[in-house]
Amino acid sequence: MPEPVRSEWVLLPEPKQLEFTGGWLAVKPSQTAVEADATKRLIADALVLVSGSARTDAVIFGVPMQDAFKVDPAAVPQPEGYTLDISAKSIAITAHDEAGAFHAAQTLTQLARQAAGKKYLPCLRISDWPDFPHRGVMLDIARDKVPEMDTLYAFVDQMAEWKLNELQLYTEHTFAYKGHHVVWENASPMTPQQIHALDVYCREHFIELVPNQNSFGHMGRWLSHPEYAYLGEMTDGGDDLCPVEPRCITFLNELYDQLLPCFSSGQVNVGCDETWSLGKGRSATAVNEKGEGRVYLDFLLQIHQLVSAHGKRMQFWGDIINKHPELIPELPKDMIAIEWGYDADHPFERNCARYAAAGVPFYVAPGTSSWCSLLGRTENSLENLRNAAINGKANGAIGYLITDWGDLGHWQFLPVSYGPMAYGAAACWAYDANQDLDLAHALDVHVFRDQAGVMGKLALDLGNGYKKTGVEIGNNTVLHALISRFAEKPISDSWIKKTTVAGLEQADEALAQLIAQLQDARMDRPDAALIVDEFRCDAALARFACHFGIARLNAGDVGASGLPLEARRPLADELAVILPEYRQLWMARNRSGGLKDSTAALDALLVTLRQAPPAAEAAQPAS
């Protein structure tokens, strides 16, 4: 056989050190066995894949399966590190710990996927370990999608293959707290039993399930109910708890009493980001006397005391404390700040250095850039992920958390985020080895599993389609904004005022050409057909946004309600076809709660488009 060629093999993430040593290992049918242990099961499954035969015994290359790998911290000093040696006679795995052995088995799995049925594995030596101790993903399950349990389990499987070790489910109101039924009754919340089950599944895959309950800002789902109005900064509800209301701490303590025992993790993310109304309502006097930063920090420290009393270590979003950098040194050193930012040029370098100088442990938190986009913002997301990895590593960040939010309806489907998630996972495992990763190829082999080699590049290209408009705005795309925030507001009087008919026509044409390539994909996944439909639906929404924007500009820069009748009818027909499919696809991975909220803006837009404009109504003859 010809020698293995390095360029023909891709791993996700690529390991720190990999050397092809020449030659091949023959994998025979009788060398694999059924195993209960997760790591041994991965090894056995990998060899079955290569051999193309069923398992027959519990011996691998003359070594009993229970001795298939060894844990030796002296031989591999880095936590979660491992070596994987494949010679012409054997496979040898040595790991620092059980997690390292599991990661080695995942690497073997990816090699086996590329050698499926060929009966040979390439001889090689890998030495590998992570750059960041904590490497995670945060899924937004509060705005508006709460995933089905099967969706979460499948996602944990994917995370484990990417060597991630932390999962957070961002919650505002979507946990079934006893005594608070009115808040979550229509949200299909996670139950304590489901969290317990997911926690066990995560631990089996060497992933820490960290509770995430916002505890200051983003509490509008609670404060909108009269029963909780007394907790709000604003008397008319709003989003923020009032930091000078003592009963807020009592309220939070009750939530933590119920939530935290469901998790085995020793950490909890309490949020506390984007407290936009702080000092504008009931805390105004305190803010005038002490300053906004001090009032914020005082409340943060009270939450810290609650969390500590529950035996947990507190994480919090760092955006507000970053506005008051002089207070960073006062943060308790057992508190973890999360430095988040989602545009390519976010100042990770400056902000990370502040935490490092103060001796405050911190994570960096870039994002997938999928929310408020429909199809993603590929170029922005990859640069954002690189920026976080480079500056987090340089300043001693202890964690790297890839966030995937659901603002304004959560219109993007989960596979839209796979590309950025996969690249982020690679960047936080071994940045130097993965900065130039052929991401499209890696996605084809290990994520979409597309034998045609189409889907990886297509997903990334679709995420750049909006750029054809010539308009770029932070944390959004113009296409999403046209049908959400600015469906009625004149385009010339908004963030997207540079939008032109020509730009929208170019984006529409580009998206049409790209989406036509979906028919060429040959994905070997159980949900392959679903992924095709999800991308096609999001692309249909993006193209509708182009048509909607073109019609509005051609009509004199009007909102939906100002469109003439002849422009409304085709747009209404187009959206009426998309919405039923969107609802059906939502239910394929998510619970029904939140669906009505998700489609509310689109439903309202459809109603408007179906109505005759006032001028047309006036022109109708009297009956």
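Scroll up a little and you will see the structure.
Draft legend 1. View of the pattern of salt bridges. Within this structure, the stated rule accounts for 31 salt bridges. Residue Glu-472 pairs with Lys-467 through a salt bridge whose shortest N-O separation is 2.7 Å. Assessed through its relative accessible area of 52%, Glu-472 is described here as exposed. As a salt-bridge pair, Lys-489 and Asp-493 come within 3.7 Å of each other at their nearest N and O atoms. Note on Asp-493: relative accessible area 48%, which makes it partly exposed. In this structure, a network of salt bridges that share partners links the residues Lys-16, Asp-131, Lys-393 and Asp-432.

Draft legend 2. Spatial organisation of empty space enclosed by the protein. Taken as a whole, this structure holds four cavities of 30 Å³ or more when the rule is applied. In this structure, the largest cavity spans a volume of roughly 190 Å³. Only strand S8 (134-140) and helix H3 (149-161) provide two or more residues apiece to the lining of the largest cavity. Among the elements that make up the lining of the largest cavity, the one with the highest residue count is H3 (three residues). Of the residues belonging to the lining of the largest cavity, the class tally is seven nonpolar, four polar and four charged.

Draft legend 3. View of the sheet that holds S8. Spatially, S10-S9-S8-S17-S16-S15-S14-S13 is the arrangement adopted by the eight strands of the open sheet, whose pairing is parallel. The open sheet terminates on both sides in strands that have one partner only, identified here as strand S10 (208-210) and strand S13 (267-269). This sheet shows a mean twist of 25° between the axes of neighbouring strands, independent of strand direction. Of the strands in this sheet, strand S15 (336-340) and strand S16 (362-365) are in contact with helix H11 (residues 348-358), which crosses S16 at around 170°. Packed onto the sheet, helix H13 (residues 418-429) meets S8 and strand S17 (399-404) and runs at close to 175° relative to S17.

Draft legend 4. Summary view of the pairing of S17. For S17, a buried count of six out of six residues is recorded, marking the element as mostly surrounded by other parts of the structure. Residues Gly-399, Leu-401 and Thr-403 line one face of S17 and the alternating positions Tyr-400, Ile-402 and Asp-404 line the opposite face, and both faces are buried. Pairing of S8 with S17, which is carried by six bridges, proceeds in the parallel orientation. Counterpart to Val-137 in the pairing with S17 is Ile-402. Here S16 pairs with S17 via two bridges, running parallel. Paired with Val-364 across the strands is Tyr-400, a residue of S17. Running through helix H12 (residues 378-394), the crossover from S16 to the neighbouring parallel element S17 is right-handed.

Draft legend 5. Seen up close, the packing of aromatic side chains. Per the stated rule, a full pass over the model turns up 22 aromatic pairs. An aromatic cluster is present here, built from Phe-175, Tyr-177, Trp-222, Tyr-228 and Phe-251 joined pairwise through their rings. We note Lys-163 situated over the ring of Trp-429; from NZ or CZ to the ring centre the distance is 5.9 Å.

Draft legend 6. Representation of the pairing of strand S7 (residues 120-128) within the structure. Burial runs high along S7: seven of the nine residues are buried. Here seven bridges tie strand S1 (residues 17-26) to S7, and the two strands are oriented antiparallel to one another. Bridge pairing in S7 links Gln-17 to Ser-127. In this structure, strand S5 (residues 82-86) lies alongside S7, joined through five bridges in antiparallel fashion. The residue bridging Ile-86 from the neighbouring strand is Leu-124, located in S7.

Draft legend 7. Structural context of the packing of helix H19 (residues 528-554) against helix H21 (residues 595-610). Orientation of H19 relative to H21, taken along the N-to-C sense of each, is 40°, at an axis distance of 14 Å. If you check the angle between H19 and H21, you find them oblique. Handedness of the crossing formed by H19 with H21: left-handed. Residues Leu-541, Phe-544 and Phe-548 of H19 pack against Leu-602, Leu-605 and Leu-609 of H21.

Draft legend 8. Molecular detail of the sheet that holds strand S4 (residues 69-71). Read across the open sheet, the five strands follow the order S1-S7-S5-S6-S4; overall the sheet is mixed. The open sheet has two edge strands with one neighbour each: S1 and S4. Taking each pair of neighbouring strands and ignoring which way they run, the sheet shows an average axis angle of 20°. Sheet analysis places S5 next to strand S6 (residues 91-95), joined by five bridges and oriented antiparallel. Paired with Ile-86 across the strands is Ile-91, a residue of S6. On top of the sheet, helix H2 (residues 98-114) reaches S4, S5, S6 and S7; it is set at about 40° to S5, its chief contact.

Draft legend 9. Structural view of H2. Helix length check: H2, at 17 residues, gives a terminal C-alpha distance of 25 Å against a target of 24 Å (1.5 Å per residue), a fit within 8%. The buried fraction of H2 is high, at 16 of 17 residues.

Draft legend 10. Region of the structure containing the side chain of Asp-538. For Asp-538, the position within the fold is in helix H19. Buried charge without a partner: Asp-538 forms no salt bridge, and the closest opposite charge is Lys-145, 6.6 Å away. Separated by 3.0 Å, the side chain of Asp-538 and the backbone nitrogen of Phe-413 make a polar contact.

Draft legend 11. Examining the environment of Glu-233 more closely. Relative to the assigned elements, Glu-233 resides in strand S11 (residues 232-234). Excluding anything up to four places from it in sequence, Glu-233 contacts Asp-240, Leu-241, Cys-242, Pro-243, Ser-277, Leu-278, Gly-279, Lys-280, Gly-281, Arg-282, Ser-283 and Ala-284. Within the structure, Glu-233 has its side chain in polar contact with the backbone nitrogen of Lys-280 (distance 3.4 Å).

Draft legend 12. Structural context of the side chain of Arg-589. Structurally, Arg-589 can be placed in helix H20 (residues 565-589). Ignoring any residue separated from it by four or fewer positions in sequence, one finds Arg-589 in contact with Pro-147, Glu-148, Thr-151, Leu-414, Pro-415, Tyr-418, Asp-527, Leu-530, Ile-531 and Glu-534.

Draft legend 13. Inspection of the environment of Val-416 at higher detail. Considering the arrangement of structural elements, one finds Val-416 in the loop between S17 and H13. Taking the C-alpha atoms as reference points, Val-416 and Ser-373, separated by 43 residues in sequence, lie 9.8 Å from one another. Look past the residues within four positions of Val-416 in its chain and what remains in contact with it is Ser-370, Leu-374, Leu-375, Gly-376, Phe-535 and Asp-538.

Draft legend 14. Geometry of unusual backbone geometry. Of note, the amide linkage connecting Leu-12 to Pro-13 takes the cis form, showing an omega dihedral of 0°. Position of Pro-13 relative to the elements: it lies in the segment before S1. In this structure, Lys-119 is a non-glycine residue whose phi angle is positive, near 70°. One can find Lys-119 in the loop between H2 and S7. For Lys-119, a relative accessible area of 39% gives the class partly exposed. One non-glycine residue, Cys-372, lies in the positive phi region at around 55°. Considering the arrangement of structural elements, one finds Cys-372 in the loop between S16 and H12.

About the cut-offs
- Residues numbered from 1 in each chain as written.
- Predicted model: local features only at pLDDT ≥ 70, side-chain atom pairs only at ≥ 80, totals over all residues.
- Heavy atoms only, no water.
- Salt bridge = Lys/Arg side-chain N within 4 Å of Asp/Glu carboxyl O.
- Buried < 20%, exposed > 50% of the residue type's maximum accessible area, 1.4 Å probe, protein only.
- 1 Å grid on protein atoms, 1.4 Å probe; cavity = no way out; pocket = protein on both sides within 12 Å on 5 of 7 lines; lining within 4 Å.
- Points joined across faces, edges and corners; volume = space filled by probe spheres on them.
- Helix = DSSP H or I, 4+ residues; strand = E, 2+ residues; numbered from the N terminus.
- Nonpolar A, V, L, I, M, F, W, Y, C, P; charged D, E, K, R; others polar.
- Pairing = 2+ DSSP bridges.
- Axes fitted to C-alpha atoms, helices over the stretch in contact; angles between N-to-C directions.
- Contact = heavy atoms within 4.5 Å.
- Right-handed = clockwise from strand over helix to strand, strands pointing away.
- Phe/Tyr/Trp six-rings, centres within 6.5 Å; stacked < 30°, edge-to-face > 60°.
- Lys NZ or Arg CZ within 6 Å of the ring centre and 35° of its normal.
- Parallel < 35°, antiparallel > 145°, perpendicular 65-115°, else oblique.
- Left-handed = near helix turned anticlockwise from the far one by under 90°.
- Expected span 1.5 Å × (residues − 1).
- Lys, Arg positive; Asp, Glu negative; His and termini not counted.
- Polar contact = N/O pair within 3.5 Å; in protein donor to acceptor, adjacent residues only side chain to side chain.

Taken by themselves, the reported measurements are silent on function.
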